[in-house]
Amino acid sequence: MKYLLHIVLTAISIALAGLIFLISHEETVWLKWDWVKHLISLLISSENIKFTEKFITESVTYVAYVIYFIALLVLSLFSIKFSFKYLDQDVIEREKVKEFEQANDFYLPIYLGYAFVAISLPTLKSFLLFFVLMLIVLARTRFFYFNPIFLVLGYKFYFIKQTDDSKILVISKKEIKTVEELFDDGNGSLVDYISTTKVNDYTFLILE
């Protein structure tokens, strides 16, 4: 179950590239699918719909993109809930934290790279090959887990450097600026550790 959840989490984290691909290739890829053309034809021929073909086609594309994005939001929410339930629990000890920094901006160049690749790939087959290869690489290698949809859901990303010089990524809804705020119990007192869910060896979700 844990391994499957890791694969699902990784797939969701790069699925936004699929939306970029669909938007940038709508005329040459998915609007040419038979069932999409059939749907548009039905809407055009409907007596209750009095709009131009161009308006209906554009409306279909926008609805498809919104559905795709909402699906990613829902899947991301469920992935968080399942992570808290099925992944291993761990703690981060205050005495082992050496440095603390924001990590939200760290991944911007990486996702810009995903976007440029998604735009440049000419066919759906080439995109699916890229997606599968990235999924395998990310699932097999040591990496900090990052899902840009988490930012929309209010989560923030932080790097923690520990006293043994290892670096981990912490995901939390809490606005954190200092190590003290990380270990604040909400009543002005500092705790010795915080409970987390271990996404992988380098990424942790702070329990809510």
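Residues numbered from 1 in each chain as written. Predicted model: local features only at pLDDT ≥ 70, side-chain atom pairs only at ≥ 80, totals over all residues. Heavy atoms only, no water.

### Looking at the overall build of the protein chain
And step 1. Across its full length, the protein chain carries eight helices and six strands.
And step 2. If you list the helices and strands of the protein chain from N to C, you get α-α-α-α-β-β-α-α-α-β-β-α-β-β.
And step 3. A compact globule built from 208 residues should have a C-alpha radius of gyration of about 17 Å, whereas the protein chain, at 21 Å, is more than 25% larger.
And step 4. Each principal axis of the C-alpha atoms in the protein chain carries an extent, and together these give about 70 × 35 × 30 Å.
And step 5. Of the contacts formed within the protein chain by residues at least 6 apart in sequence, a portion of 71% connects residues at least 24 apart.
And step 6. When the accessible surface of the protein chain is split by element, carbon and sulfur atoms take 63% of a total near 12400 Å². (Helix = DSSP H or I, 4+ residues; strand = E, 2+ residues; numbered from the N terminus. Rg over C-alpha atoms; globule rule 2.2 N^0.38 Å. Contact = heavy atoms within 4.5 Å. Areas by Shrake-Rupley, 256 points an atom, 1.4 Å probe, with all protein chains shown as cover.)

### Digging into the nonpolar core
It is characteristic of soluble globular proteins that their nonpolar side chains tend to be buried jointly.
And step 1. Counting residues in each nonpolar core, the largest one holds 46 residues, and the members touching the most others are Ile14, Trp30, Phe127 and Phe150.
And step 2. The next biggest cluster of nonpolar side chains, apart from the first, holds 14 residues, and it includes Val97, Val170, Val179 and Phe204. (Core = buried A, V, L, I, M, F, W, Y, C linked by side-chain atoms within 4.5 Å. Buried < 20%, exposed > 50% of the residue type's maximum accessible area, 1.4 Å probe, protein only.)

### Considering unusual backbone geometry
And step 1. Although it is not a glycine, aspartate 165 adopts a positive phi angle of roughly 70°.
And step 2. Within the secondary structure, aspartate 165 is located in the loop between β3 (156-162) and β4 (167-172).
And step 3. In this structure aspartate 165 comes out as partly exposed when scored by relative accessible area, which is 47%.

### Observations concerning the side chain of histidine 25
And step 1. Tracing the backbone through its elements, the reader meets histidine 25 in the loop between α2 (16-24) and α3 (34-45).
And step 2. With relative accessibility at 6%, the residue histidine 25 sits in the buried group.

### What about the packing of aromatic side chains?
And step 1. One pass over the structure, following the stated rule, counts 12 aromatic pairs.
And step 2. An angle of 70° between the planes, with centres 5.9 Å apart, marks the rings of tryptophan 30 and tyrosine 65 as edge-to-face. Pair noted here: tryptophan 30 is in the loop between α2 and α3 and tyrosine 65 is in helix α4 (residues 53-86), with a separation of 35 residues, a long-range link.
And step 3. Take tyrosine 65: its relative accessible area is 10%, and that puts it in the buried class.
And step 4. Taken together through their ring pairs, the aromatic side chains of Phe21, Tyr114, Phe127, Phe130 and Phe131 make up a single cluster.
And step 5. Against the face of phenylalanine 159 rests lysine 167, its NZ or CZ located 4.4 Å from the ring centre. (Phe/Tyr/Trp six-rings, centres within 6.5 Å; stacked < 30°, edge-to-face > 60°. Lys NZ or Arg CZ within 6 Å of the ring centre and 35° of its normal.)

### Comments concerning α4
And step 1. With 34 residues, α4 should reach 50 Å at 1.5 Å per residue; the first-to-last C-alpha distance of 48 Å fits that figure.
And step 2. Regarding α4, the residues found buried are Ile56, Thr57, Val60, Thr61, Tyr65, Leu72, Leu73, Ser76, Ser79, Ile80 and Ser83. (Expected span 1.5 Å × (residues − 1).)

### Description of the packing of helix α1 (residues 2-14) against helix α6 (residues 124-140)
And step 1. The N-to-C vectors of α1 and α6 enclose an angle of 130°; their axes lie 10 Å apart at closest approach. In terms of axis orientation, α1 runs oblique to α6. The two elements α1 and α6 cross, and the hand of that crossing is right-handed. On α6, the residues that touch Tyr3, Ile7, Thr10, Ala11 and Ile14 of α1 are Phe131, Met134, Leu135, Leu138, Ala139 and Arg140.
And step 2. For the contact of α1 with α6, the residue count by class is nine nonpolar, one polar and one charged. (Axes fitted to C-alpha atoms, helices over the stretch in contact; angles between N-to-C directions. Parallel < 35°, antiparallel > 145°, perpendicular 65-115°, else oblique. Left-handed = near helix turned anticlockwise from the far one by under 90°. Nonpolar A, V, L, I, M, F, W, Y, C, P; charged D, E, K, R; others polar.)

Worth remembering: the numbers are spatial, not functional.
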